[in-house]
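Residue-level structure breakdown
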Amino acid sequence: MIGHDQYGHSNYLVGHYISFSRAKKAARNKARMANTLPASGSDIFCVYDSAGECRYRITFDDLPPHLQHPASRLDLPTSLPPPRPTHDRLFIKILLGLLVLPLLWWGKGFYDDMELSGQAKADYAQLRRQFETDRRGDCRNLDWSGYQLMKHTYERELQSPTLPRARLEYLQDKLRYYEDTNYRGPDVVGLLADFVRAELAHAQAGETVAPDAIYTANRNRYLATVKAQLPLREELGSYVNDQRGPAMPVVTNWDFRRLQRALALCEQIRDGSQLVVAFGYLLDGGSGKEVPLDGYEAEAFKKMITTALARQDVQQANALYQALLSYQVMNWYVYNDAVQDSITRYRRFLDDHALDRLAHAQALESRLRKLNPHEYSQEYKHYRERTLPSLHEGPTQPTSGSAKNGNTHD
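Residues numbered from 1 in each chain as written. Predicted model: local features only at pLDDT ≥ 70, side-chain atom pairs only at ≥ 80, totals over all residues. Heavy atoms only, no water.

Considerations on the sheet that holds strand β2 (residues 10-13)
- Here we have four strands laid out as an open sheet, ordered β2-β1-β3-β4, and antiparallel in their pairing. Of all the strands in the sheet, the pair left with one neighbour each is β2 and β4 (54-58). Averaged over all pairs of adjacent strands, the angle between their axes in this sheet comes to 25°, without regard to strand direction.
- Pairing between strand β3 (residues 44-48) and β4: four bridges, direction antiparallel. (Pairing = 2+ DSSP bridges. Helix = DSSP H or I, 4+ residues; strand = E, 2+ residues; numbered from the N terminus. Axes fitted to C-alpha atoms, helices over the stretch in contact; angles between N-to-C directions.)

Below is the structure:
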């Protein structure tokens, strides 16, 4: 509030107030007492807001007659001192926080050290049994050595650039890979082995093979997934190693909470592990070189199919299409949804040559179900069951021509 002396033509500060209503009340009380003769020359009192705008103006003449006299007790609201920096308030809050934190820490430590009893102890025992024999595998297998191995493999791969490889060496490694994995499907892998032998016969020194899109995508997915899992595996591995001693005679709240955390980590790691894709195969039982798992095999089958259709050998082309789909579904963790492109091509091929799509789809499904059940995981079975039915779902549009007219399928 500012007072204005009409005779001296000067302003003076009356005081700062916490609200507009209190300042307005103080201004009215100040104006009640005439300080000049005549009274019309008394001081003018103005209330300004924080933006400097005048919100209220009053003088002695503005008051009703019953208020125009000196009061024995004006009962003015207390004027606030000028605003002060808030550093002192912030300091007090920080000080109080520093005083409270040790109390909270002490209380947490006291609670953590309390021994479990009654139902809480029984719940801990049940969770412990669940941890020892998790429904999807033993969580205790995710120990510190497993974490160290994954970390070493990840760091080695991260530091290894994916440079083009010599084509001759690449084809030789592919042949060794087919020889190692021939047991999985001799009728399928044998076709690939024959194809790569023919390519080796014409391979020239100095030719190179660059990483393809499938290999690059799977490698990037592996690196991203493992990077996210490593901190979780480190924490769980540390817990597992701590629990390998004799049974604890006393179980506390801290032990219970740590076990709950370990179970949650185990579940999270196993869910994420399904996303870890393979992009390389180690020869010689894991001690040899790494063969890239990529789209080479799919391209090899497509070339063989093109050759068969050029000879108008529909039966051979059909067998090669089935071999291609068998290989891609068997190696679903490499090809993922790329198999859908092969299914679309195969459906179009069956329609163009008036072949019974349902019969061939059932034959392929039967063929894949005969694979060694111990070789493939439950995830593979789920992938097979949701992928293959699309072979005989809905019609496809025939192509503008067919192999009978001299056109070939890529």
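What follows picks up the thread again.
Notes on the packing of helix α6 (residues 186-202) against helix α10 (residues 314-330)
- Their axes nearest at 9 Å, the elements α6 and α10 cross at an angle of 105°. As judged from the angle between their axes, α6 and α10 are roughly perpendicular. Of the residues in α10, those in contact with V188, L191 and L192 of α6 are L320, A323, S326, Y327 and M330.
- The residue inventory of the contact of α6 with α10, partitioned by class, reads seven nonpolar, one polar and no charged. (Parallel < 35°, antiparallel > 145°, perpendicular 65-115°, else oblique. Contact = heavy atoms within 4.5 Å. Nonpolar A, V, L, I, M, F, W, Y, C, P; charged D, E, K, R; others polar.)

Quick word on the packing of aromatic side chains
- Evaluated as defined, the whole model comprises 12 aromatic pairs.
- Taking 5.1 Å as the distance between ring centres and 40° as the angle between the ring planes, the aromatic pair formed by Y321 and F349 counts as tilted. Taken together, the positions of Y321 in helix α10 and F349 in helix α12 (residues 339-352) put the pair 28 residues apart, joining distant regions of the chain.
- On the basis of relative accessible area, F349 is assigned to the buried category, the value being 0%.
- Joined through ring pairs, the aromatic side chains of Y170, F195 and Y296 make up one cluster. (Phe/Tyr/Trp six-rings, centres within 6.5 Å; stacked < 30°, edge-to-face > 60°. Buried < 20%, exposed > 50% of the residue type's maximum accessible area, 1.4 Å probe, protein only.)

Structural notes on helix α7 (residues 213-242)
- Over its 30 residues, α7 extends 43 Å from the first C-alpha to the last, a length consistent with the 44 Å expected when each residue adds 1.5 Å.
- The largest bend in α7 is about 35°, located at Q229, with the proline P231 one to four residues further on. (Expected span 1.5 Å × (residues − 1). Bend = angle between axes of the 7 residues up to and from the residue.)

With respect to the environment of A278
- Within the secondary structure layout, A278 lies in the loop between α8 (253-273) and β7 (280-282).
- For A278, a relative accessible area of 24% gives the class partly exposed.
- With 16 residues separating them in the primary sequence, A278 and D294 have C-alpha atoms 9.7 Å apart.
- Not counting residues within four places of it along the chain, the set of residues in contact with A278 comprises N218, L293, Y333 and V334.

Focus: the pairing of β2
- In this sheet, β2 lies alongside strand β1 (residues 2-5) in antiparallel orientation, the contact comprising four bridges. Across the sheet, residue H4 finds its bridge partner in β2, namely N11.
- The antiparallel pairing of β1 with β2 creates a hairpin that spans four residues between the two strands, and H9 there sits at a positive phi of about 50°.

Description of the pattern of salt bridges
- Counted by the stated rule, this structure contains 15 salt bridges.
- Here E297 and K174 are joined by a salt bridge, their closest N and O atoms 2.8 Å apart. Here the residue E297 occupies a position in helix α9 (residues 296-310), and K174 occupies one in helix α5 (residues 167-181), the gap between them amounting to 123 residues.
- Relative accessible area serves as the criterion here: at 0%, K174 is assigned to the buried category.
- When salt bridges that share partners are traced, they join E299, K302, D341 and R345 into one network. (Salt bridge = Lys/Arg side-chain N within 4 Å of Asp/Glu carboxyl O.)

That's the geometry; what it means functionally is another story.
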